[in-house]
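# A look at the structure
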Amino acid sequence: QPAYQSLISETTPARGRILMSGLGNCMLPLGEMFSVMLLWMDDPYLQHLHWRHLLRLGALPAAVFFVLALLFLNQSPFYLACYGKYDETRRVL
């Protein structure tokens, strides 16, 4: 969990950090419920699971969030500052 907390603090404007932190804390239980739902839909008794199919379906949320991150996230201010791009760092913050 510390990785997402540092990403939230670096990429979210100050006025939205509390909301984003709260939403981030909700993602782990939602992911667990999604996994349980996939398992239950595949085989409620967990006797004959199709693990390859479950692996593909379980990777869908990660793929969706990856595409959304590419489209909407700014570069990390820490990364920009390390490479001397101070004007861009101020713009992102």
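The following refers to the structure shown. (Residues numbered from 1 in each chain as written. Predicted model: local features only at pLDDT ≥ 70, side-chain atom pairs only at ≥ 80, totals over all residues. Heavy atoms only, no water.)

## Topic: a nonpolar patch on the surface
Side chains of Met27, Leu30, Met33, Val64, Phe65, Phe66, Val67, Leu68, Leu70, Leu71 and Phe72 sit close together on the surface and give an oily, nonpolar patch of about 1,200 Å² of accessible area. At the level of elements, helix H2 (17–42) and helix H3 (51–72) are the ones that each hand at least two residues to the nonpolar patch. Looking at the element boundaries, Leu71 is found in helix H3. Among the residues examined, Leu71 registers a relative accessible area of 60% and is labelled exposed. (Patch = residues over 30% accessible without salt bridge, like charges linked within 9 Å, V, L, I, M, F, W, Y side chains within 5 Å. Areas by Shrake-Rupley, 256 points an atom, 1.4 Å probe, with all protein chains shown as cover. Salt bridge = Lys/Arg side-chain N within 4 Å of Asp/Glu carboxyl O. Helix = DSSP H or I, 4+ residues; strand = E, 2+ residues; numbered from the N terminus. Buried < 20%, exposed > 50% of the residue type's maximum accessible area, 1.4 Å probe, protein only.)

## Some words on the packing of aromatic side chains
Applying the stated criterion to the full structure yields one aromatic pair. Ring plane angle 45° and centroid distance 4.7 Å describe the contact between Tyr79 and Tyr83, whose orientation is recorded as tilted. With a relative accessible area of 36%, Tyr79 lands in the partly exposed category. (Phe/Tyr/Trp six-rings, centres within 6.5 Å; stacked < 30°, edge-to-face > 60°.)

## Topic: the pattern of salt bridges
Applying the stated criterion across every chain yields a total of one salt bridge. For Asp87, the salt bridge goes to Arg90, with nearest N and O atoms at 3.6 Å. One end of the pair is Asp87 and the other is Arg90, both in helix H5 (residues 86–92) and three residues apart, which spans about a single turn. A single burial state applies to Asp87 and to Arg90, both of which are exposed.

## Details of the packing of H2 against H3
Interhelical geometry of H2 versus H3 gives an angle of 150° and a closest axis separation of 10 Å. Judged on the interaxial angle alone, H3 and H2 are roughly antiparallel. By crossing handedness, the relation of H2 to H3 is classed as right-handed. Here Met27, Phe34, Leu38, Leu39 and Asp42 of H2 lie close against H3, whose contacting residues are Leu54, Leu57, Gly58, Pro61 and Phe65. Within the contact of H2 with H3, the residues separate by chemical class into eight nonpolar, one polar and one charged. (Axes fitted to C-alpha atoms, helices over the stretch in contact; angles between N-to-C directions. Parallel < 35°, antiparallel > 145°, perpendicular 65-115°, else oblique. Left-handed = near helix turned anticlockwise from the far one by under 90°. Contact = heavy atoms within 4.5 Å. Nonpolar A, V, L, I, M, F, W, Y, C, P; charged D, E, K, R; others polar.)

## Describing the environment of Val67
As for its position among the elements, Val67 is in helix H3. Residues Val67 and Leu23, 44 residues apart in the sequence, show an inter-C-alpha distance of 18 Å.

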